[in-house]
Amino acid sequence: MVNLDDPGIYRKLDPSNMRGQLHGLPSQCRAAWHKATGFRLPPGYTEADRIVVLGVGGSAIGADLVRSLTLSKTKPAIHVHRDYDLPAFVDDRTLVIASSYSGNTEETLSSFSQALQKGCKRLAITTGGRLKAMAEESGTPVFTIDHVSPPRAALGWGFMPLLAFLRSLGFLEDESGQAEAMLATLDRQALELRETAFSSANQAKQLAKELHRKIAVVYGAGILGEVARRWKTQINENAKAWAFHEILPELNHNAVEGYAFPPELASNACVILLRCPSLHRRTLARYDITVELLKQSGISHKTVDSRGEGELGQMMSLAYLGDWVSYYLAMLYQVDPTPVESIEHLKKRLGANTGTIAF
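Residues numbered from 1 in each chain as written. Predicted model: local features only at pLDDT ≥ 70, side-chain atom pairs only at ≥ 80, totals over all residues. Heavy atoms only, no water.

1. Regarding unusual backbone geometry
Then, in step 1: The amide bond that connects L248 to the next residue, P249, takes the cis arrangement and shows omega of 0°.
Then, in step 2: Note that P249 resides in the loop between β7 (243-248) and β8 (269-275).
Then, in step 3: P262 follows F261 through a cis peptide bond whose omega is -10°.
Then, in step 4: Relative to the helices and strands, P262 is located in the loop between β7 and β8. (Helix = DSSP H or I, 4+ residues; strand = E, 2+ residues; numbered from the N terminus.)

2. Description of the packing of aromatic side chains
Then, in step 1: Scanning all chains against the criterion turns up 10 aromatic pairs.
Then, in step 2: Judged by centre distance (5.8 Å) and plane angle (35°), the rings of W242 and F244 are tilted.
Then, in step 3: Relative accessible area serves as the criterion here: at 65%, W242 is assigned to the exposed category.
Then, in step 4: Centroid distance W324 to Y328: 5.5 Å. Interplanar angle 25°. Geometry classified as stacked. Of the two residues, W324 and Y328 both sit in helix α12 (residues 310-332), four residues apart, roughly one turn of that helix. Just as W324 is buried, Y328 falls in that class too.
Then, in step 5: Taken together, the ring pairs in this structure connect Y10, W324, Y327 and Y328 into an aromatic cluster.
Then, in step 6: Between the NZ or CZ atom of K35 and the centre of the ring of F143, over which it lies, the distance is 5.4 Å. (Phe/Tyr/Trp six-rings, centres within 6.5 Å; stacked < 30°, edge-to-face > 60°. Buried < 20%, exposed > 50% of the residue type's maximum accessible area, 1.4 Å probe, protein only. Lys NZ or Arg CZ within 6 Å of the ring centre and 35° of its normal.)

3. Some details on the nonpolar core
Then, in step 1: Counting residues in hydrophobic clusters, the biggest one holds 104 residues, and the most contacted among them are F159 and L274.
Then, in step 2: In terms of residue count, α12 provides more of this core than any other element does, 15 residues in total. (Core = buried A, V, L, I, M, F, W, Y, C linked by side-chain atoms within 4.5 Å.)

4. Some remarks on the sheet that holds strand β9 (residues 300-305)
Then, in step 1: Here we have four strands laid out as an open sheet, ordered β7-β6-β8-β9, and parallel in their pairing. Taken across any chain shown, the strands that pair with only one partner, and hence form the sheet edges, are β7 and β9. For this sheet the average axis-to-axis angle between neighbouring strands, irrespective of direction, equals 20°.
Then, in step 2: Note: strand β6 (residues 215-221) against β7, six bridges, orientation parallel. Among the inter-strand pairings, G220 is bridged to a residue of β7, identified as I247.
Then, in step 3: Sheet strands touched by helix α11 (residues 281-296): β6, β7, β8 and β9. Its angle to β8, the strand with the most contacts, is close to 165°. (Pairing = 2+ DSSP bridges. Axes fitted to C-alpha atoms, helices over the stretch in contact; angles between N-to-C directions. Contact = heavy atoms within 4.5 Å.)

Rendered as C-alpha coordinates:
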(Lines give C-alpha, C1' and ligand atoms only; values in the text may rest on other atoms or scores of the structure.)
Protein backbone atom coordinates (compact mmCIF):
# COMPACT_ATOMS: atom_id res chain seq x y z
CA MET A 1 0.00 0.00 0.00
CA VAL A 2 1.12 3.57 -0.68
CA ASN A 3 2.72 5.26 2.33
CA LEU A 4 0.57 8.34 2.92
CA ASP A 5 3.26 9.81 5.17
CA ASP A 6 5.79 9.91 2.31
CA PRO A 7 5.88 13.50 0.97
CA GLY A 8 7.20 12.32 -2.37
CA ILE A 9 3.94 10.67 -3.38
CA TYR A 10 2.10 13.98 -3.39
CA ARG A 11 4.53 15.60 -5.77
CA LYS A 12 4.38 12.53 -8.00
CA LEU A 13 0.64 11.82 -8.03
CA ASP A 14 -0.78 15.32 -7.60
CA PRO A 15 1.01 17.50 -10.18
CA SER A 16 -1.98 19.88 -10.41
CA ASN A 17 -1.86 20.48 -6.64
CA MET A 18 -5.37 19.49 -5.59
CA ARG A 19 -3.98 19.37 -2.05
CA GLY A 20 -3.39 23.12 -2.31
CA GLN A 21 -7.09 23.60 -3.03
CA LEU A 22 -7.92 21.62 0.10
CA HIS A 23 -5.47 23.63 2.20
CA GLY A 24 -7.17 26.80 1.02
CA LEU A 25 -10.82 25.97 1.71
CA PRO A 26 -11.01 28.02 4.96
CA SER A 27 -9.55 31.12 3.27
CA GLN A 28 -11.75 30.49 0.21
CA CYS A 29 -14.83 30.49 2.44
CA ARG A 30 -13.71 33.73 4.09
CA ALA A 31 -13.14 35.45 0.74
CA ALA A 32 -16.50 34.31 -0.63
CA TRP A 33 -18.34 35.38 2.54
CA HIS A 34 -16.66 38.80 2.56
CA LYS A 35 -17.47 39.49 -1.09
CA ALA A 36 -21.04 38.22 -0.83
CA THR A 37 -21.90 40.26 2.26
CA GLY A 38 -21.01 43.37 0.27
CA PHE A 39 -23.05 42.36 -2.79
CA ARG A 40 -26.39 44.16 -3.07
CA LEU A 41 -29.40 42.44 -4.58
CA PRO A 42 -32.39 44.41 -5.93
CA PRO A 43 -34.79 45.26 -3.06
CA GLY A 44 -37.73 43.54 -4.76
CA TYR A 45 -36.02 40.19 -4.30
CA THR A 46 -37.21 40.09 -0.69
CA GLU A 47 -40.70 39.37 -2.05
CA ALA A 48 -39.65 35.92 -3.28
CA ASP A 49 -41.25 33.05 -1.39
CA ARG A 50 -39.24 30.30 -3.08
CA ILE A 51 -35.76 29.95 -4.54
CA VAL A 52 -34.78 27.66 -7.39
CA VAL A 53 -31.05 27.07 -7.81
CA LEU A 54 -30.07 25.81 -11.24
CA GLY A 55 -26.87 23.76 -11.20
CA VAL A 56 -25.25 20.35 -11.41
CA GLY A 57 -22.18 18.72 -9.91
CA GLY A 58 -19.82 20.97 -7.99
CA SER A 59 -21.95 24.01 -8.84
CA ALA A 60 -25.01 22.55 -7.10
CA ILE A 61 -23.66 21.04 -3.90
CA GLY A 62 -23.43 24.39 -2.10
CA ALA A 63 -27.14 24.91 -2.71
CA ASP A 64 -27.86 21.40 -1.42
CA LEU A 65 -26.09 22.21 1.83
CA VAL A 66 -27.91 25.54 2.22
CA ARG A 67 -31.25 23.86 1.53
CA SER A 68 -30.54 21.40 4.36
CA LEU A 69 -29.93 24.28 6.76
CA THR A 70 -33.19 26.01 5.82
CA LEU A 71 -35.59 23.05 5.99
CA SER A 72 -36.79 24.15 9.42
CA LYS A 73 -37.50 27.69 8.21
CA THR A 74 -40.88 28.88 6.99
CA LYS A 75 -39.39 30.96 4.17
CA PRO A 76 -38.06 30.51 1.58
CA ALA A 77 -38.55 27.08 0.08
CA ILE A 78 -35.36 26.12 -1.78
CA HIS A 79 -35.39 23.75 -4.74
CA VAL A 80 -32.14 22.57 -6.37
CA HIS A 81 -32.76 21.82 -10.03
CA ARG A 82 -30.42 19.60 -12.06
CA ASP A 83 -32.05 19.42 -15.48
CA TYR A 84 -32.66 21.13 -18.81
CA ASP A 85 -36.22 22.39 -18.35
CA LEU A 86 -37.23 24.98 -15.79
CA PRO A 87 -39.78 23.75 -13.21
CA ALA A 88 -43.30 24.74 -14.20
CA PHE A 89 -44.02 26.33 -10.81
CA VAL A 90 -41.54 29.20 -11.37
CA ASP A 91 -43.41 32.53 -11.28
CA ASP A 92 -42.94 36.18 -10.35
CA ARG A 93 -42.47 35.26 -6.67
CA THR A 94 -39.60 32.88 -7.46
CA LEU A 95 -35.93 33.81 -7.31
CA VAL A 96 -34.03 31.73 -9.86
CA ILE A 97 -30.29 31.47 -9.17
CA ALA A 98 -28.22 30.03 -12.00
CA SER A 99 -25.03 28.54 -10.55
CA SER A 100 -22.35 27.40 -12.99
CA TYR A 101 -18.67 27.69 -12.15
CA SER A 102 -17.60 27.64 -15.80
CA GLY A 103 -20.66 29.48 -17.03
CA ASN A 104 -21.03 26.89 -19.80
CA THR A 105 -22.97 24.06 -18.14
CA GLU A 106 -25.57 23.14 -20.74
CA GLU A 107 -28.32 21.98 -18.36
CA THR A 108 -28.04 25.24 -16.40
CA LEU A 109 -27.93 27.39 -19.53
CA SER A 110 -31.02 25.66 -20.90
CA SER A 111 -33.05 26.26 -17.72
CA PHE A 112 -31.75 29.81 -17.35
CA SER A 113 -32.73 30.68 -20.93
CA GLN A 114 -36.28 29.63 -20.03
CA ALA A 115 -36.16 31.71 -16.84
CA LEU A 116 -35.41 34.76 -19.00
CA GLN A 117 -38.86 34.32 -20.56
CA LYS A 118 -40.60 34.29 -17.18
CA GLY A 119 -41.37 37.13 -14.81
CA CYS A 120 -39.19 35.62 -12.11
CA LYS A 121 -36.38 37.32 -10.22
CA ARG A 122 -32.94 36.16 -11.35
CA LEU A 123 -29.32 35.96 -10.23
CA ALA A 124 -26.24 34.33 -11.79
CA ILE A 125 -23.23 32.95 -9.91
CA THR A 126 -20.29 32.15 -12.18
CA THR A 127 -16.72 32.86 -13.23
CA GLY A 128 -17.86 33.91 -16.70
CA GLY A 129 -18.70 31.99 -19.86
CA ARG A 130 -22.02 31.96 -21.65
CA LEU A 131 -24.00 32.36 -18.42
CA LYS A 132 -22.37 35.66 -17.56
CA ALA A 133 -22.98 36.97 -21.07
CA MET A 134 -26.63 35.92 -21.02
CA ALA A 135 -27.15 37.43 -17.58
CA GLU A 136 -25.55 40.76 -18.47
CA GLU A 137 -27.51 41.01 -21.72
CA SER A 138 -30.77 40.47 -19.80
CA GLY A 139 -29.95 42.82 -16.93
CA THR A 140 -29.63 39.95 -14.45
CA PRO A 141 -27.30 40.61 -11.49
CA VAL A 142 -24.08 38.58 -11.69
CA PHE A 143 -22.04 37.51 -8.67
CA THR A 144 -18.58 36.70 -10.03
CA ILE A 145 -16.54 33.89 -8.49
CA ASP A 146 -12.95 34.98 -7.84
CA HIS A 147 -11.30 31.59 -7.68
CA VAL A 148 -9.51 29.27 -10.10
CA SER A 149 -9.98 25.54 -9.53
CA PRO A 150 -12.01 22.56 -10.69
CA PRO A 151 -15.68 23.28 -9.85
CA ARG A 152 -15.73 20.66 -7.08
CA ALA A 153 -12.87 22.47 -5.33
CA ALA A 154 -14.79 25.77 -5.21
CA LEU A 155 -17.25 24.71 -2.50
CA GLY A 156 -16.72 27.91 -0.52
CA TRP A 157 -17.86 30.00 -3.49
CA GLY A 158 -20.92 27.80 -4.08
CA PHE A 159 -21.98 27.77 -0.44
CA MET A 160 -21.04 30.94 1.45
CA PRO A 161 -22.58 33.45 -1.00
CA LEU A 162 -25.94 31.70 -0.84
CA LEU A 163 -25.87 31.94 2.94
CA ALA A 164 -24.99 35.62 2.72
CA PHE A 165 -27.71 36.35 0.16
CA LEU A 166 -30.39 34.62 2.24
CA ARG A 167 -29.31 36.70 5.21
CA SER A 168 -29.34 39.97 3.26
CA LEU A 169 -32.82 39.19 1.92
CA GLY A 170 -34.09 38.57 5.45
CA PHE A 171 -34.68 34.85 4.91
CA LEU A 172 -32.06 33.81 7.49
CA GLU A 173 -30.93 35.31 10.77
CA ASP A 174 -27.47 36.88 10.86
CA GLU A 175 -25.09 33.95 10.35
CA SER A 176 -21.89 35.93 11.01
CA GLY A 177 -21.24 34.39 14.43
CA GLN A 178 -21.86 30.85 13.24
CA ALA A 179 -19.78 31.48 10.12
CA GLU A 180 -16.79 32.64 12.18
CA ALA A 181 -17.06 29.63 14.49
CA MET A 182 -17.28 27.31 11.49
CA LEU A 183 -14.22 28.90 9.87
CA ALA A 184 -12.24 28.48 13.09
CA THR A 185 -13.13 24.77 13.05
CA LEU A 186 -12.00 24.46 9.42
CA ASP A 187 -8.72 26.21 10.30
CA ARG A 188 -8.01 23.57 12.94
CA GLN A 189 -8.94 20.76 10.59
CA ALA A 190 -6.70 22.15 7.85
CA LEU A 191 -3.72 21.56 10.12
CA GLU A 192 -4.88 18.17 11.38
CA LEU A 193 -5.80 16.71 7.97
CA ARG A 194 -3.06 18.08 5.70
CA GLU A 195 -0.63 15.67 4.08
CA THR A 196 2.19 16.54 6.49
CA ALA A 197 0.11 15.31 9.46
CA PHE A 198 1.07 11.70 10.14
CA SER A 199 -1.41 8.88 9.68
CA SER A 200 -1.36 8.04 13.37
CA ALA A 201 -3.16 11.32 14.10
CA ASN A 202 -4.78 12.06 10.73
CA GLN A 203 -8.41 10.97 10.62
CA ALA A 204 -8.72 11.46 6.85
CA LYS A 205 -5.76 9.20 6.10
CA GLN A 206 -7.14 6.55 8.45
CA LEU A 207 -10.59 6.61 6.80
CA ALA A 208 -9.08 6.47 3.31
CA LYS A 209 -7.26 3.29 4.30
CA GLU A 210 -10.56 1.84 5.53
CA LEU A 211 -12.17 2.61 2.15
CA HIS A 212 -9.27 1.47 -0.03
CA ARG A 213 -10.32 -1.37 -2.35
CA LYS A 214 -13.88 -1.18 -0.98
CA ILE A 215 -17.13 0.20 -2.36
CA ALA A 216 -17.86 3.26 -0.26
CA VAL A 217 -21.44 3.71 0.97
CA VAL A 218 -21.98 6.93 2.92
CA TYR A 219 -24.93 7.42 5.28
CA GLY A 220 -26.17 10.78 6.52
CA ALA A 221 -29.30 12.27 8.05
CA GLY A 222 -30.91 15.70 8.37
CA ILE A 223 -28.31 18.39 7.68
CA LEU A 224 -25.82 15.62 6.86
CA GLY A 225 -27.87 14.04 4.07
CA GLU A 226 -26.29 16.29 1.45
CA VAL A 227 -22.89 16.00 3.13
CA ALA A 228 -23.16 12.27 2.42
CA ARG A 229 -23.82 13.18 -1.22
CA ARG A 230 -20.70 15.37 -1.17
CA TRP A 231 -18.58 12.46 0.11
CA LYS A 232 -19.99 10.27 -2.65
CA THR A 233 -19.29 12.70 -5.46
CA GLN A 234 -15.81 13.61 -4.18
CA ILE A 235 -14.83 9.94 -4.00
CA ASN A 236 -16.16 9.51 -7.55
CA GLU A 237 -14.30 12.50 -9.00
CA ASN A 238 -11.12 12.64 -6.95
CA ALA A 239 -10.44 8.95 -6.33
CA LYS A 240 -12.10 7.72 -9.55
CA ALA A 241 -13.87 5.13 -7.39
CA TRP A 242 -17.34 3.71 -6.92
CA ALA A 243 -19.32 5.32 -4.11
CA PHE A 244 -22.97 5.69 -3.12
CA HIS A 245 -24.92 7.54 -0.47
CA GLU A 246 -28.10 6.88 1.51
CA ILE A 247 -30.16 8.99 3.91
CA LEU A 248 -31.63 8.13 7.32
CA PRO A 249 -34.30 7.47 8.38
CA GLU A 250 -35.38 6.44 4.86
CA LEU A 251 -32.65 3.79 4.52
CA ASN A 252 -34.05 2.05 7.61
CA HIS A 253 -37.19 1.34 5.57
CA ASN A 254 -35.43 -0.41 2.70
CA ALA A 255 -31.61 -0.44 2.47
CA VAL A 256 -31.05 -2.40 5.70
CA GLU A 257 -33.02 -5.29 4.21
CA GLY A 258 -30.53 -5.50 1.34
CA TYR A 259 -27.43 -6.36 3.36
CA ALA A 260 -27.74 -10.11 2.71
CA PHE A 261 -27.18 -10.46 -1.03
CA PRO A 262 -24.98 -10.87 -2.92
CA PRO A 263 -23.07 -12.28 0.08
CA GLU A 264 -19.63 -11.57 -1.39
CA LEU A 265 -20.38 -7.85 -1.35
CA ALA A 266 -20.29 -7.72 2.46
CA SER A 267 -16.51 -8.07 2.47
CA ASN A 268 -16.09 -5.58 -0.38
CA ALA A 269 -18.09 -2.66 0.98
CA CYS A 270 -17.53 -0.16 3.75
CA VAL A 271 -20.29 2.00 5.22
CA ILE A 272 -19.41 5.43 6.62
CA LEU A 273 -22.06 6.82 8.98
CA LEU A 274 -21.83 10.61 9.29
CA ARG A 275 -23.28 11.79 12.60
CA CYS A 276 -23.71 15.06 14.52
CA PRO A 277 -25.34 15.94 17.86
CA SER A 278 -27.98 18.27 16.38
CA LEU A 279 -29.83 15.39 14.69
CA HIS A 280 -33.24 14.31 16.03
CA ARG A 281 -32.84 12.03 19.05
CA ARG A 282 -34.83 9.26 17.37
CA THR A 283 -32.59 9.48 14.32
CA LEU A 284 -29.53 9.17 16.56
CA ALA A 285 -31.07 6.00 18.01
CA ARG A 286 -31.47 4.70 14.47
CA TYR A 287 -27.72 5.12 13.91
CA ASP A 288 -27.00 2.76 16.80
CA ILE A 289 -29.47 0.13 15.60
CA THR A 290 -28.23 0.40 12.01
CA VAL A 291 -24.70 -0.29 13.27
CA GLU A 292 -26.04 -3.42 15.00
CA LEU A 293 -27.47 -4.63 11.68
CA LEU A 294 -24.22 -3.92 9.84
CA LYS A 295 -22.32 -5.92 12.44
CA GLN A 296 -24.73 -8.83 12.14
CA SER A 297 -24.21 -8.84 8.37
CA GLY A 298 -20.43 -8.66 8.64
CA ILE A 299 -20.20 -5.34 6.77
CA SER A 300 -17.29 -3.02 7.52
CA HIS A 301 -18.48 0.31 8.91
CA LYS A 302 -17.27 3.42 10.67
CA THR A 303 -19.25 6.10 12.50
CA VAL A 304 -17.72 9.55 11.97
CA ASP A 305 -18.75 12.40 14.25
CA SER A 306 -18.77 16.08 13.39
CA ARG A 307 -16.59 18.79 14.83
CA GLY A 308 -17.54 22.30 15.92
CA GLU A 309 -20.64 23.88 17.40
CA GLY A 310 -23.93 24.63 15.69
CA GLU A 311 -25.37 23.11 12.55
CA LEU A 312 -23.18 25.14 10.18
CA GLY A 313 -19.95 24.02 11.82
CA GLN A 314 -21.08 20.41 12.14
CA MET A 315 -22.06 20.24 8.48
CA MET A 316 -18.94 21.86 7.06
CA SER A 317 -16.51 19.99 9.32
CA LEU A 318 -17.73 16.69 7.89
CA ALA A 319 -17.80 18.00 4.31
CA TYR A 320 -14.17 19.12 4.67
CA LEU A 321 -13.15 15.79 6.17
CA GLY A 322 -14.75 14.00 3.21
CA ASP A 323 -12.79 16.11 0.73
CA TRP A 324 -9.53 15.05 2.37
CA VAL A 325 -10.61 11.39 2.56
CA SER A 326 -11.32 11.37 -1.18
CA TYR A 327 -7.93 12.96 -1.83
CA TYR A 328 -6.01 10.36 0.18
CA LEU A 329 -8.04 7.60 -1.46
CA ALA A 330 -6.81 8.92 -4.83
CA MET A 331 -3.25 8.64 -3.53
CA LEU A 332 -3.86 5.04 -2.42
CA TYR A 333 -5.20 4.23 -5.89
CA GLN A 334 -2.19 6.09 -7.35
CA VAL A 335 -4.26 8.40 -9.55
CA ASP A 336 -4.06 12.15 -10.15
CA PRO A 337 -7.21 13.52 -8.43
CA THR A 338 -7.63 16.56 -10.69
CA PRO A 339 -8.44 15.30 -14.23
CA VAL A 340 -11.99 14.01 -14.86
CA GLU A 341 -11.43 12.30 -18.18
CA SER A 342 -14.72 10.39 -18.33
CA ILE A 343 -16.72 13.57 -17.70
CA GLU A 344 -14.74 15.44 -20.35
CA HIS A 345 -15.29 12.57 -22.81
CA LEU A 346 -19.04 12.76 -22.18
CA LYS A 347 -19.06 16.53 -22.74
CA LYS A 348 -17.10 16.14 -25.95
CA ARG A 349 -19.52 13.54 -27.27
CA LEU A 350 -22.50 15.71 -26.35
CA GLY A 351 -20.79 18.62 -28.08
CA ALA A 352 -21.11 16.77 -31.36
CA ASN A 353 -24.90 17.05 -30.98
CA THR A 354 -25.19 20.80 -30.44
CA GLY A 355 -28.26 20.97 -32.64
CA THR A 356 -30.33 19.22 -29.99
CA ILE A 357 -30.39 22.15 -27.57
CA ALA A 358 -30.80 25.89 -28.03
CA PHE A 359 -30.20 28.72 -25.56
